[in-house]
Amino acid sequence: MTLLLVLRSGDLVATVAPELGGRILSLTREGSEVLWRNTDLLGPDLQPRAAVPSEPAAGFGDWRNWGGDKSWVAPQGWEGPEQWHGPPDPTFDGGAFAVSDEHADAVGLVSGDDPATGLRMRRDIALHGDGVTVQTTLTNVSAVRRRWAAWEVVQLPIDDDDLRSGSVRVCTSNTRPPRVLHRLVGDLPVSVSDGFTEVSIAEAVGKLGFPDYDGWIEYRRASGTGLRLSSALHTGSHPDDSPAQLWMQTPVPQPIAELGGFHATAALLELELLSPLVELAPGESVTLAVRWTLF
């Protein structure tokens, strides 16, 4: 059995899986689920349908995407040691976190030391009246300087109604269009106006970056419900020059060669926020605090 921790605050209930990357697997409000999770891998009780392998998958095409909310390390890539080679990876997305402290409505989780990045990760998760606060701290536990950014990734479901009238909105400081980071299948329709950028939910697989992010990114579902992520603005460079990013996918018939054979079989999107890239001396840390507001 995989350890699951249940946090409660009013009508909010979060289920956290320390052994599955320290992620939030489920967040419900008045019994209604907010997050996407992989029902091929997880049963209704949120337990893995099969034993969790002790070793991570070999490549992106075999990645076990459990779903929910997790913290990663940026920049991502496979070209050199200055990039995070994941997911999958053995420490963060795919690793077991220790529980450092636990309360009725909050928990602190600490990863193992990752030899590839030289980092240790701490996730502090706390429920509040209208949502959640997730703080990710990366600490350089190696003997040399490292340059990394903290990266929070929240996976949310897409249904047929959302494809007709759902959207993602990003508060932006000007009317420049977002950066296209990946255009793999179809296209992501974008409209830009004074104050925010809107992306319509579409049948596509791709990713956008928002260099002019100005404090929040939110998913407005066709049902009228949604989730806003907000974070403080920081100077300095960010991975992909984009402190906020959006991944969107709908099912496609074949694996995608450009993504190492990854096969998009589910409809979901990811709201992503990143800290600046920070050069860390041994023992130094970088922190990203993200507030979730449900509406």
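Anything mentioned here points back to the structure above.
The sections below set out a description of the structure shown in this document.

Scoring rules and cut-offs
Residues numbered from 1 in each chain as written. Predicted model: local features only at pLDDT ≥ 70, side-chain atom pairs only at ≥ 80, totals over all residues. Heavy atoms only, no water. Core = buried A, V, L, I, M, F, W, Y, C linked by side-chain atoms within 4.5 Å. Buried < 20%, exposed > 50% of the residue type's maximum accessible area, 1.4 Å probe, protein only. Helix = DSSP H or I, 4+ residues; strand = E, 2+ residues; numbered from the N terminus. Contact = heavy atoms within 4.5 Å. Polar contact = N/O pair within 3.5 Å; in protein donor to acceptor, adjacent residues only side chain to side chain. Pairing = 2+ DSSP bridges.

Observations concerning the nonpolar core
Move 1: One finds V168, L269 and W292 to be the most contacted residues of the largest nonpolar core, which totals 72 residues.
Move 2: Among the elements that make up this core, the one with the highest residue count is strand 10 (residues 146-157) (seven residues).
Move 3: Excluding residues that lie within four positions of it along the chain, V168 makes contacts with T197, E198, V199, I201, I217, E218, Y219, L246, L269 and L271.
Move 4: Counting residues in each nonpolar core, the second largest holds six residues, with L20, L25, L42 and L46 among its members.

Regarding the environment of Q83
Move 1: Structurally, Q83 can be placed in the loop between strand 5 (69-74) and strand 6 (98-102).
Move 2: In this structure the C-alpha to C-alpha distance between Q83 and E102, which are 19 residues apart in sequence, comes to 32 Å.
Move 3: Within the local environment of Q83, its side chain forms a polar contact with the backbone nitrogen of E79, the two atoms lying 2.9 Å apart.

Regarding the pairing of strand 1 (residues 5-9)
Move 1: Pairing geometry for strand 1 and strand 2 (residues 12-17), over five bridges, is antiparallel. Its bridge partner lying in strand 2, L7 is registered against A14.

A few points about the side chain of H238
Move 1: Note that H238 resides in the loop between strand 17 (226-230) and strand 18 (244-249).
Move 2: Here the side chain of H238 touches G236 through a polar contact of 3.4 Å, landing on its backbone oxygen.
Move 3: Apart from the residues lying within four places of it in its own chain, the contact partners of H238 are P243, L274, S275, P276 and L277.

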